[in-house]
Amino acid sequence: MNTKNQIKEYSTYNALVNHPFALSALHYGARIKFTIEKPHSLLKAEAKLKRSPSKAEYYCLSVASSLAHILTICQQLEHSVLYFSSFSPTPKMKKAGIAKQNHLLYCIENYIVRTQSMYDRLLKLIDCVFELYNPSHRICHDLIMNNSHVQHSSIPNKLRKLRKSIKDYYYERNVIIHERQFLEDNIRKLEAYTILSTSKGPLKGQRWLIEDIKDLARQIVKNKTEEFSKVNRNSFIILGDIFDHLNKEYKNKRDILESIYGKPELSEIPKM
């Protein structure tokens, strides 16, 4: 696939959901789930099974589940950009002191944390597709990159590209989780202006200060929207490229397992 087609097809969440790998693996996994899970159990967090899956079925279910989780985080990353400009505080929120500054900080921190979640979930997906079966708590960049099966594929180079596209957030993510809130000059300034305009004192309710707060908030939203949209686009393009390879690996593994353990019992997915 050439670069132009790749960018056109896989630069958004909707494009990734319609990638051949996603369409194949998710649909196949869903048909197995409908077969082996007890009625009225499919949508439960811990579904009950009518029987244990075969090794071939287990593989397909694991891949489908891991794939669904990374697609969900991609959707959340895309939605995060929209949340910046969607702040309409209710009277109850205003009474609790929730201002635009709080909303922006919350959205920015959530986005930063989720970039690493995307990468972690991708590592889990690769582990499933390649049948590595490492314990979830042990799966990390080095473990996957140093695996001999993965090393003989194009995955390592693509992982390096993806990690590079989100590397600016790796340090901040750890700081946010373990040490302190996200710090940036404009965010700090907005926080200070907001405190001055709402606390008792000579600047409380000053029109010029309120206008400065609005202008500063608009600039932060504009800058972060452009920044995060670019990161999403670049990351999704690389993900689409990774999905291309995983799709081939998935089909090969599935064929081998089905030839050994038999084809899964597949159910037709009922129409809603």
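Quantities reported herein were computed from a predicted structural model and do not represent experimental measurements. (Residues numbered from 1 in each chain as written. Predicted model: local features only at pLDDT ≥ 70, side-chain atom pairs only at ≥ 80, totals over all residues. Heavy atoms only, no water.)

Draft legend 1. Geometry of the packing of aromatic side chains. Scanning all chains against the criterion turns up 8 aromatic pairs. Plain terms: the ring middles of Tyr169 and Phe228 are 5.9 Å apart, the flat faces sit at 75° to each other, and that makes the pair edge-to-face. You can see Tyr169 sitting in the loop between α9 (155-165) and α10 (170-178) and its partner Phe228 sitting in helix α12 (residues 207-261), a full 59 residues away along the chain. Under the relative-accessibility criterion, Tyr169 is labelled buried at 8%. Relative accessible area serves as the criterion here: at 0%, Phe228 is assigned to the buried category. Taken together, the ring pairs in this structure connect Phe21, Tyr59, Phe243 and Tyr250 into an aromatic cluster. In this structure, Arg163 packs its charged tip against the face of Tyr170, placed 5.7 Å from the ring centre. (Phe/Tyr/Trp six-rings, centres within 6.5 Å; stacked < 30°, edge-to-face > 60°. Helix = DSSP H or I, 4+ residues; strand = E, 2+ residues; numbered from the N terminus. Buried < 20%, exposed > 50% of the residue type's maximum accessible area, 1.4 Å probe, protein only. Lys NZ or Arg CZ within 6 Å of the ring centre and 35° of its normal.)

Draft legend 2. Region of the structure containing the packing of helix α6 (residues 100-129) against α10. The geometry of α6 relative to α10 is characterised by a closest axis approach of 9 Å and an angle of 115° between their N-to-C directions. In terms of their interaxial angle, α6 and α10 are classed as roughly perpendicular. Viewed along their axes, α6 and α10 form a crossing whose handedness is left-handed. In this structure, α6 contributes Glu109, Ile112, Val113, Gln116 and Asp120 to the contact, and α10 contributes Tyr170, Glu172, Arg173, Ile176 and Ile177. When grouped by side-chain class, the residues that make up the contact of α6 with α10 number 5 nonpolar, 1 polar and 4 charged. (Axes fitted to C-alpha atoms, helices over the stretch in contact; angles between N-to-C directions. Parallel < 35°, antiparallel > 145°, perpendicular 65-115°, else oblique. Left-handed = near helix turned anticlockwise from the far one by under 90°. Contact = heavy atoms within 4.5 Å. Nonpolar A, V, L, I, M, F, W, Y, C, P; charged D, E, K, R; others polar.)

Draft legend 3. Looking closely at the environment of His27. Within the fold, His27 resides in helix α3 (residues 20-36). With a relative accessible area of 42%, His27 lands in the partly exposed category. Sequence-wise, His27 and Cys60 are 33 residues apart; in three dimensions their C-alpha atoms are separated by 10.0 Å.

Draft legend 4. View of the side chain of Thr35. Secondary-structure assignment places Thr35 in helix α3. Among the polar contacts listed, one links the side chain of Thr35 to the backbone oxygen of Glu265, at a separation of 3.0 Å. A polar side-chain atom of Thr35 sits 3.0 Å from the main-chain amide nitrogen of Ser267. Leave out the neighbours within four places in its chain, and Thr35 touches Lys50, Arg51, Glu265, Leu266 and Ser267. (Polar contact = N/O pair within 3.5 Å; in protein donor to acceptor, adjacent residues only side chain to side chain.)

Draft legend 5. Main features of the packing of α3 against α12. For the pair α3 and α12, the least separation of the axes is 9 Å and the interaxial angle reads 35°. Of the two elements, α3 crosses α12, and the hand of that crossing is left-handed. Along the contact surface, α3 presents Pro20, Phe21, Ser24, Ala25 and Tyr28, while α12 presents Phe243, Leu246, Asn247, Tyr250, Arg254 and Glu258. Looking at the contact of α3 with α12 residue by residue, the class counts come to 7 nonpolar, 2 polar and 2 charged.

Draft legend 6. Fine view of a nonpolar patch on the surface. Taken together, the side chains of Ile256, Ile260 and Tyr261 make up a nonpolar region of the molecular surface, amounting to roughly 320 Å² of accessible area. Along the chain, the position of Ile256 falls in helix α12. (Patch = residues over 30% accessible without salt bridge, like charges linked within 9 Å, V, L, I, M, F, W, Y side chains within 5 Å. Areas by Shrake-Rupley, 256 points an atom, 1.4 Å probe, with all protein chains shown as cover. Salt bridge = Lys/Arg side-chain N within 4 Å of Asp/Glu carboxyl O.)

Draft legend 7. Structural detail: α6. In this model α6 runs 43 Å from its N-terminal to its C-terminal C-alpha over 30 residues, within 8% of the 44 Å that 1.5 Å per residue would give. Positive phi appears at Glu131, one or two residues downstream of α6, with a value of about 55°. (Expected span 1.5 Å × (residues − 1).)

Draft legend 8. Just the nonpolar core, in detail. Within the largest apolar cluster, 68 residues are counted, with the highest numbers of intra-cluster contacts made by Phe21, Met118, Leu125, Leu159, Leu239, Phe243 and Leu246. Among the secondary structure elements, those contributing two or more residues to this core are α2 (13-17), α3, α4 (55-83), α6, α7 (141-145), α9, α11 (185-198) and α12. With 16 residues, the single largest contributor to this core is α12. When sequence neighbours within four positions are dropped, the list of residues in contact with Leu159 reads Tyr119, Leu122, Leu123, Ile126, Ile144, Met145 and Ile242. (Core = buried A, V, L, I, M, F, W, Y, C linked by side-chain atoms within 4.5 Å.)

Draft legend 9. A look at the state of the cysteines. Taken as a whole and assessed by the stated rule, the structure comprises 0 disulfides. Distance from the sulfur of Cys107, which forms no disulfide, to the nearest cysteine sulfur (Cys74) is 18 Å. Judged by relative accessible area, which is 5%, Cys107 ranks as buried. Sulfur of Cys140: no disulfide; nearest cysteine sulfur belongs to Cys128 and is 15 Å away. (Disulfide = S-S within 2.5 Å.)

Draft legend 10. Representation of α10. Every buried residue of α10 is accounted for by Glu172, Arg173, Val175 and Ile176. Looking down the long axis of α10, one finds its buried residues gathered within 165° of arc, a one-sided arrangement. Away from the buried face of α10 by more than 90 degrees, exposed residues Tyr171 and His178 are located. On its buried side, α10 packs onto α6. (Arc of directions from axis to C-beta.)

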